[in-house]
Amino acid sequence: MSAAELRTDGVIVACAVSAGIHAALAPDHFRETTAAGIGFVAASVVLGVLAVVLTLRPGERAFLAAALVFAGLIGSYVLAVTTGIPVVHPDVDPVEGLALATKAIEAAALALTVSACGPLRASLSLTQPKGRLT
């Protein structure tokens, strides 16, 4: 198995794990606020879709989308434990082990997605015909 395949598999696994954790926590967050519960359901769905897309058609756009989602989830968590998220979840959450483990998985996947984009971009530019604007 090549390094690129291992990287892709790592991002797929991270998407699936994070999707499962967000789905499992959604009911608790619905009890806090409807908006927080919807956010957790949306994260689960988006991560699940990314896992499928990266399985069937891995490519630069899929990796960039995954990078944005992971960065957004990490950023949202930082806000949730420091200031709260206005409208969605205004209360400050305590730092918990499961959340930290999830964010560690997402941070590792974010690093993998970023590293995957460079080689993909280089290979795409090598395959384009010369003399054409893209």
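The paragraphs below set out a description of the structure included in this document. (Residues numbered from 1 in each chain as written. Predicted model: local features only at pLDDT ≥ 70, side-chain atom pairs only at ≥ 80, totals over all residues. Heavy atoms only, no water.)

The end-to-end C-alpha distance of helix α3 (residues 60–82), which contains 23 residues, comes to 33 Å, matching closely the 33 Å that a straight helix rising 1.5 Å per residue would cover. Taken as a whole, α3 has its buried residues at Glu 60, Ala 62, Phe 63, Ala 66, Ala 67, Phe 70, Leu 73, Tyr 77, Ala 80 and Val 81. Where α3 terminates, the next one or two residues include Gly 84, which has phi positive at roughly 85°. (Helix = DSSP H or I, 4+ residues; strand = E, 2+ residues; numbered from the N terminus. Expected span 1.5 Å × (residues − 1). Buried < 20%, exposed > 50% of the residue type's maximum accessible area, 1.4 Å probe, protein only.)

Two elements in contact, helix α1 (residues 3–32) and α3, have axes whose closest approach is 12 Å; the angle formed by their N-to-C orientations is 40°. Here α1 is positioned oblique relative to α3, judged by the angle of their axes. With respect to the hand of their crossing, α1 and α3 are arranged in left-handed fashion. Along the contact surface, α1 presents Thr 8, Val 11, Ala 14, Cys 15, Ser 18 and His 22, while α3 presents Phe 63, Ala 66, Phe 70 and Leu 73. Looking at the contact of α1 with α3 residue by residue, the class counts come to seven nonpolar, three polar and no charged. (Axes fitted to C-alpha atoms, helices over the stretch in contact; angles between N-to-C directions. Parallel < 35°, antiparallel > 145°, perpendicular 65-115°, else oblique. Left-handed = near helix turned anticlockwise from the far one by under 90°. Contact = heavy atoms within 4.5 Å. Nonpolar A, V, L, I, M, F, W, Y, C, P; charged D, E, K, R; others polar.)

A separate point is a nonpolar patch on the surface. Together, Phe 30, Ile 38, Val 41, Val 45, Val 49 and Val 53 give the surface a local cluster of nonpolar side chains, amounting to about 470 Å² of exposed area. Among the elements that line the nonpolar patch, the one with the most residues is helix α2 (residues 34–56), at five residues. Within the element layout of this structure, Phe 30 appears in helix α1. (Patch = residues over 30% accessible without salt bridge, like charges linked within 9 Å, V, L, I, M, F, W, Y side chains within 5 Å. Areas by Shrake-Rupley, 256 points an atom, 1.4 Å probe, with all protein chains shown as cover. Salt bridge = Lys/Arg side-chain N within 4 Å of Asp/Glu carboxyl O.)

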